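Descriptive structure summary
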Amino acid sequence: MGLRRAILLVLPLGMSFSATLMAGSPEEVFRQVAASIVVVEVSGVKGEAISLGSGVIIAPGQVITNCHVIKDGKTFTIRQSNQKGNLPQPASVRYRDIDRDLCQLEATGFKGLPATLAISKLKTGQRVYAIGAPQGLELTISEGLISSLRELDGAQYIQTTAAISPGSSGGGLFDDNGHLIGITTFYFAEGQNLNFALPAAWIAELPKRAAAPAAKPATDNAIEWINKAVALQEKQDWPGILAHSKKWVKARPGDTLAWYNLGTAYSILDQADKAIEAYREALRINPEYADAWYNLGGAYSRLNQIDKAITAYREALRINPEYANAWFNLGVTYYIQGNHDKVREIYQTLRQLNPEFADEYSNKFILP
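Residues numbered from 1 in each chain as written. Predicted model: local features only at pLDDT ≥ 70, side-chain atom pairs only at ≥ 80, totals over all residues. Heavy atoms only, no water.

It is worth spelling out the pairing of strand β7 (residues 127-132) at this point. The side chains of a regular strand alternate, first on one face of the sheet and then on the other. By the criterion of burial, β7 is predominantly enclosed, with five of the six residues buried. Both β7 and strand β8 (residues 140-152) contribute to a ladder of six bridges, which runs antiparallel. Bridge assignment links valine 128 to a residue of β8, and that residue is glycine 144. Bridge count between β7 and strand β10 (residues 172-175): four bridges; the pairing is antiparallel. Counterpart to isoleucine 131 in the pairing with β10 is glycine 172. (Buried < 20%, exposed > 50% of the residue type's maximum accessible area, 1.4 Å probe, protein only. Helix = DSSP H or I, 4+ residues; strand = E, 2+ residues; numbered from the N terminus. Pairing = 2+ DSSP bridges.)

In structure tokens form, the structure reads like this:
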């Protein structure tokens with residue numbers, strides 16, 4: 001019986017609606033949120049221009065951007081080309097979270113309309129809009145879809161087809177209600193539609209995380225490692241992911257995701273024994289990582305270590321009782337073991353959780 005494969009992971013806009021524009025249309029979303037977007041200009045010690053990026057106003061005089069936009073700067077300026085009387089303003093760094101590549105600038109007296117953070121659950125396939133200053137072209141909007149959602153640090157890291165490019169970093173990713181769902185941060189030049197946004201939910205955690213002692217050097221952050229792993233995954237370059245993950249665990253030995261991705265690369269390259277070692281290290285760091293338990297179960301199954309596979313799947317289900325894939329693979333493993341009573345019990349559970357899975361599951365087994 002074939003097991004399901006390993007998984008790779010690597011908040012008011014008080015503007016009235018125009019009767020001539022459809023709610024959720026690109027024109028309406030742009031009209032709602034344009035006053036929330038700023039250009040971030042970064043200068044060096046001698047006042048020379050170093051870089052240019054984007055930012056999103058989240059409160060009066062408070063702007064969110066990416067840390068990599070401002071990392072080499074000495075002075076910073078924020079401006080809005082569409083706001084009369086709102087002159088460029090000097091800004092200072094209020095909060096830095098290097099590991100998540102999220103920074104907050106403060107410019108006392110700067111005007112602008114704070115964005116509204118989304119509170120609804122995101123869905124793969126929903127329409128989104130990226131707005132920023134790509135290539136220095138201020139207030140540029142691009143439309144796309146959420147192509148993938150990746151669970152990361154209790155939030156959803158967003159992959160989107162909405163185009164971003166240099167200068168877009170720090171801009172906003174909005175849903176069709178004009179609510180901020182992410183901060184555009186990265187695109188992969190070698191891949192088509194590989195664009196990423198940090199979860200807007202992380203903004204609320206920024207003050208607390210910035211106050212904590214820095215655990216990593218300023219030149220290193222988790223997001224860069226994750227982005228590269230995702231890009232390699234999209235290319236299905238598993239040897240490349242393996243090489244990348246080996247460097248990742250060496251640079252960040254305490255990073256659960258690094259070990260998890262190393263395990264997944266080994267697993268897909270049919271090196272189950274090495275995959276088990278990597279997954280167990282990920283679980284030593286974070287014992288509540290359901291996906292790592294799930295993939296560990298798959299690795300044990302490929303080595304015909306059935307009892308250990310069952311234990312691993314059970315741990316995944318302890319953490320996430322609605323994990324349909326884990327129920328499915330647990331049923332397959334019980335079938336291999338010859339425990340048909342458990343196979344029937346799991347079928348009833350899958351019928352409640354995911355009828356489609358239940359149908360696929362029942363078609364795999366002919367029970368006495």
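On we go from here.
Quick look at the environment of glycine 144 now. If you trace the backbone, glycine 144 turns up in strand β8. Between the C-alpha atoms of glycine 144 and valine 128, which are 16 residues apart in sequence, the distance is 5.5 Å. Setting aside anything within four residues of it in sequence, one finds glycine 144 in contact with Gln126, Arg127, Val128, Thr161 and Ala162. (Contact = heavy atoms within 4.5 Å.)

Structurally, serine 245 is set in helix α5 (residues 238-251). Taking relative accessible area as the criterion, serine 245 reaches 0% and is therefore assigned buried. When neighbours within four sequence positions are excluded, serine 245 is seen to be in contact with Ala258, Asn261 and Leu262.

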